[in-house]
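# Reading the structure
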Amino acid sequence: MPFEVTNVERRRDAAAGAPPLLELRNVSKAYGHVSALSGVDITVGAGEVVALVGDNGAGKSTLLKAIAGVHQITSGEILLDGERVEMASPTDAARLGIETVYQDLALCDNLDVTANLYLGRELRVRRIPFLDRVRMEREAAKVISELASTVPNLQKPVSALSGGQRQAIAVARAALWGSKVVLLDEPTAALGVAQTRMVYELVAKMRDRGLGVIVVTHNMADAFATADRIVVLRLGRNAGEFTPQSNTPDQVVAAITGSDTIR
């Protein structure tokens, strides 16, 4: 389980002035004659949360899927720890320590919490073709207690849990397997106030563990509550970079809509 070791390394590297954990340089993506991304640059450091915002059609989902290995970029570079990487599939991204939580969460309602955390990555007893349920439950209890303590019972089927608890399980699974970067796609969509607060706490805990986190959101409250930096995309291009400490939601919205360029 690389969970604790890599986080210590991430913090040590960041303190030593290492390159960004994740960097996209001049990334473009075209579908035939249609350009979805044009020369996009973005960096994410270890222990940093970056909110990616923009209007519909701005290129947020395309960029997320390029980092996740779902789409292959047309040109540009993706670097991890300063080294150029090629991702031909989500399997490649996962192997490199990049995990994604999409809006649908990809949970199996009929399975319990432990089974969902290890879905497709089940541990087996050596020399015996049986699942190592004891070890999986032990590791699941550890990560749930550290990241998603609001989930009370690991034996409960996911269908019996609240929306916030389901989101917590999906995020905990990503943090369990994502040793470097976690991508969150609209993590508070359709959640209530209390459940949204739970998501904010989860993001903060991942930051504290030295993970790089990208939060794709339409919600300015989410961006300002969770992010260290806010990157705006408009029409597939970089349209501005802001910090919650120095900028206002109105300034970010102006960059999203393009009104900051109107004189």
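Located above this text is the structure these notes cover.
Described below are features of the structure shown in this document.

Criteria and thresholds
Residues numbered from 1 in each chain as written. Predicted model: local features only at pLDDT ≥ 70, side-chain atom pairs only at ≥ 80, totals over all residues. Heavy atoms only, no water. Helix = DSSP H or I, 4+ residues; strand = E, 2+ residues; numbered from the N terminus. Buried < 20%, exposed > 50% of the residue type's maximum accessible area, 1.4 Å probe, protein only. Pairing = 2+ DSSP bridges. Right-handed = clockwise from strand over helix to strand, strands pointing away. Contact = heavy atoms within 4.5 Å. Axes fitted to C-alpha atoms, helices over the stretch in contact; angles between N-to-C directions. Salt bridge = Lys/Arg side-chain N within 4 Å of Asp/Glu carboxyl O.

## Some details on unusual backbone geometry
At D81, a position not held by glycine, the phi torsion is positive, near 55 degrees. Tracing the backbone shows D81 in the loop between strand 4 (75–80) and strand 5 (83–84). A relative accessible area of 27% places D81 in the partly exposed class.

## Describing the pairing of strand 7 (residues 181–185)
Where burial is concerned, most of strand 7 is hidden: 5 out of the 5 residues are buried. Judged by which residues are buried, strand 7 turns out to be covered on both faces: V181, L183 and D185 on one side and V182 and L184 on the other are all buried. Pairing analysis gives 4 bridges linking strand 6 (residues 98–101) to strand 7, with the strands arranged parallel. Paired with V101 across the strands is L184, a residue of strand 7. As paired strands, strand 7 and strand 8 (residues 212–216) are joined by 5 bridges and run parallel to one another. Across the sheet, V181 pairs through a bridge with G212, a residue of strand 8. In terms of handedness, the path from strand 7 via helix 7 (residues 193–208) over to strand 8 forms a crossover that is right-handed.

## Here's the deal with the environment of K156
Mapping K156 onto the fold places it in the loop between helix 5 (133–147) and helix 6 (163–177). In contact with K156, other than residues within four places in its own chain, are L111, D112, V113 and L161.

## Some words on the sheet that holds strand 2 (residues 34–44)
Within the open sheet, the 4 strands sit side by side as 2-1-4-5. Their pairing is antiparallel. With one partner strand each, in any of the chains shown, strand 2 and strand 5 form the two edges of the open sheet. Its contacts with the sheet put helix 2 (residues 60–67) on strand 1 (22–31), strand 2 and strand 4, and the angle it makes with strand 1 is roughly 115 degrees.

## Considerations on the pattern of salt bridges
Within the structure shown, the criterion is met by 13 salt bridges. Here D112 makes a salt bridge to R133, at a shortest N to O gap of 2.3 Å. Placement of D112 in the loop between strand 6 and helix 4 (113–117) and of R133 in helix 5 is noted, with a sequence separation of 21 residues between them. According to the relative accessible area criterion, R133 is partly exposed, its value standing at 29%. R133 serves as the salt-bridge partner of E137, at 2.8 Å between the closest nitrogen and oxygen. Within this pair, E137 and its partner R133 are both found in helix 5, separated by 4 residues, close to a single helical turn. The exposure class of E137 is partly exposed, given its relative accessible area of 27%. Residues joined by salt bridges that share partners form a network here, namely E23, R25, E77, R84 and E86.

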